Amino acid sequence: MTSSSSPSQDTERFAHTSPERLRADALMEEDVAWSHEIDGERDGDQFDRSERAALRRVAGLSTELEDVTEVEYRQLRLERVVLVGVWTTGTVQDSENSLAELAALAETAGALVLDGVIQRRDKPDAATYIGSGKAYELRDIVLETGADTVICDGELSPGQLIHLEDVVKVKVIDRTALILDIFAQHAKSREGKAQVALAQMQYMLPRLRGWGQSLSRQMGGGKGGGLATRGPGETKIETDRRRIREKMAKMRREIAEMKTGREIKRQERKRHRVPSVAIAGYTNAGKSSLLNRLTGAGVLVENALFATLDPTVRRAETPSGRLYTLADTVGFVRHLPHHLVEAFRSTMEEVGESDLILHVVDGSHPAPEEQLAAVREVIRDVGATDVPEIVVINKADAADPLTLQRLMRMEKRSIAVSARTGKGIQELLALIDNELPRPSVEVEALVPYTHGKLVARAHDEGEVISEEHTPEGTLLKARVHEELAADLAPYVPAQAV
Ligand SMILES: Nc1nc2c(ncn2[C@@H]2O[C@H](COP(=O)(O)OP(=O)(O)OP(=O)(O)O)[C@@H](O)[C@H]2O)c(=O)[nH]1
Ligand SMILES: [Mg+2]
C-alpha cells in the first residue's frame, strides 16, 4: 500500500479536460440504466451499471421488491478495485495494516486490488470522506488503473457515498458493505442467510436511492430539495422502505423461531451436563484448523476471511476421558458492522453461554494485540465477559518468537500452539481439562452389571476415580453431576451414604 503521490498538475489536467465528457458518459449510461429499470428488465450487465450509478441497490428495489433477497445474496461483482483509507490516529503502520486487511477482505469478496491510498486527516471529510482534492486524485488513479470500484475503509454516510461517487465516477462502497457482502457469499445455513439478509436490509434502508434523487442529480439540481425529489419517486421510495421494514419484521420473527430450535438443543446438552467450549477469535486466526486438530473434524479451512460462518459443534474428549463440546464460530474483524453484530447476536450469545472460551489469535500477524482487543470488544458487546478464557496463540510455527514471548507475558492464561504442526496441542488439551467445570458430587456405588449404562455415563459425563469389578457388579468411585448422582443413588451401599 502506498500513499498516492500523484503530482497535482495531473489532478488539474483531468479536472480541466475530462469532467464534461465523463459526466456526459456517466449520464448517458445512467439513462440507459434507468430506462431498463423502468421497463423492469434486468440482467447482469444492467445490474453492474445500475450498481455503479446507484450503489447496486435501486435496480432490485425500485422494480420488484419480491426479489430483494435474491438481489442481496447476489455476489457483488467487484472486479478491479482501488482502496482508500482515512488515517486519523495511530502510527503509519497501523493505518497500513488496516488497509492491508481491507485488501484481504476485498480479495475474499473476489476482487482484484489495484491500488490503495491513505489520507492523513483529523477526521473524515463530512462530504466526500477523503478531502475533495484527494477525491480528484483518487479519480485519476481510478482512470489510470481502469478500476471499476472504490472501497473506503470505514462506514460512510449515504451522503458521503453519493458525493464521492459523483467525483470518482465509479461505484463507491464502504467496509461495511464489503463485509456484508462476504457474509452473504459465505452464509450456508438458513439461519445464517436470514441473519445476513436482515443486516443487509438494515444497512440498505437509509441508503435507498430512488427516482427522485437520481433525477435531480441528472438535472444537476444537487441534493435535498427541488421538484424532482418530491415527485412520484419519493412516494415510490417510501413504499419500498415500508415494504423492506415489513420484510425485516418477518425476518426477525423467523430468526427468533430458528433460535428457539437451537436453544432446545443447547438446553439438551446442558441437561446432560456436557461442558461446552467455544473457539472464538479474529477471522483467519486458525479457529477451524484448531477445531480440526483437536477433534479430527473436517471443517473447511481457507486462507480467506470469514471462511466459517455457520457454527460447527463437535464432540471432543479430554485426556482424562471427559466429554465436552467444541464449537467453531464466526470470525471477528475490526469494525464489524454493527448490524451484523446485532444479527449474529444469537449465534454469538452461544459463546457467552459456553463454559470456556478458547480465544485464538494469530501469533504471526503484525498486530495480534489489536485483534485480541477487537474480539474482546465483541465479546463484551454480547455480554459474555464472565466466561473463563484461554488465549491460544496460534501459528507459533510462523510467528516471531519475541512476539510470542510478549503475548504470553501479557496474557496470563495463554499458550502458544501450532494447529498446523501440532506443537503445544497436548498442553492445550490438558489446560482445557483443567479449566472445564468439574462435576460436584463424589459418589461411591455398586452398580449391577445389568445397569452398565450408568457406569458408561459416569465415564462420559463425570470423572471416574476408581472402578472395580466385583461379583455383585461394578464398584464405582466417581465425581458426577447431581442428576447422575440421583440416578446412582439406589446403588449406593448403605454405609457409604
Ligand atoms: N503457519 C500456520 N498457518 C496456519 C496455522 N493454523 C491455521 N493456519 C492457516 O491459516 C489460515 C486460516 O485458517 P482457518 O482455520 O480457516 O482460520 P479461521 O480462524 O477458521 O478463519 P475464518 O473461519 O475465516 O474466520 C489457513 O490458510 C490455515 O492453513 C498454523 O498453526 N500455522
Ligand atoms: Mg473458520
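Anything mentioned here points back to the structure above.
Note that the structure is a prediction, hence the values are computed from the model and not measured.

Caption draft 1: Examining unusual backbone geometry more closely. Not every positive phi belongs to a glycine, and Asn284 is a case in point at roughly 70°. Within the secondary structure, Asn284 sits in the loop between β5 (276–281) and α14 (287–295). Positive phi, close to 60°, is recorded for Lys395, a residue that is not glycine. With respect to the helices and strands, Lys395 occurs in the loop between β9 (389–394) and α18 (401–410).

Caption draft 2: Here's a closer look at the sheet that holds strand β11 (residues 441–447). If you trace the three strands from one edge of the open sheet to the other, you get β11-β13-β12, paired in antiparallel fashion. Each having just a single partner strand, β11 and β12 (463–470) make up the two edges of the open sheet. Averaged over all pairs of adjacent strands, the angle between strand axes in this sheet comes to 10°, irrespective of strand direction. Sheet topology note: the β11/strand β13 (residues 473–480) ladder contains seven bridges and is antiparallel. Residue pairing for β13: Glu442 is matched across the bridge by Arg479. Against the sheet, helix α20 (residues 452–461) touches β11, β12 and β13, its axis set at about 30° to β13.

Caption draft 3: View of helix α10 (residues 190–204). For α10, which comprises 15 residues, the first-to-last C-alpha distance of 21 Å matches the rise-based estimate of 21 Å (1.5 Å per residue) to within 8%. When you tally the buried positions in α10, you get 12 out of 15 residues, the bulk of the element.

Caption draft 4: Examining the sheet that holds strand β2 (residues 112–120) more closely. Taken in spatial order, the four strands make up an open sheet running β2-β1-β3-β4, and their pairing is parallel. The strands lining the two open edges of the sheet, one partner per strand, are β2 and β4 (171–174). Pairs of neighbouring strands in the sheet enclose a mean axial angle of 25°, with direction left out of account. Judged from the eight bridges that link them, strand β1 (residues 80–87) and β2 form a sheet pairing that is parallel. Of the residues in β2, the one forming a bridge with Val86 is Gln119. Sheet contacts for helix α7 (residues 132–145): β1, β2 and β3 (149–152); angle to β2, the most-contacted strand, approximately 165°. Those strands touched by helix α9 (residues 175–186) are β3 and β4, and its axis lies near 80° from that of β4.

Cut-offs applied
Residues numbered from 1 in each chain as written. Chains lettered and ligands numbered in written order. Predicted model: local features only at pLDDT ≥ 70, side-chain atom pairs only at ≥ 80, totals over all residues. Helix = DSSP H or I, 4+ residues; strand = E, 2+ residues; numbered from the N terminus. Pairing = 2+ DSSP bridges. Axes fitted to C-alpha atoms, helices over the stretch in contact; angles between N-to-C directions. Contact = placed C-beta atoms within 7 Å. Expected span 1.5 Å × (residues − 1). Buried ≥ 20, exposed ≤ 12 C-beta atoms within 10 Å, placed from the backbone.

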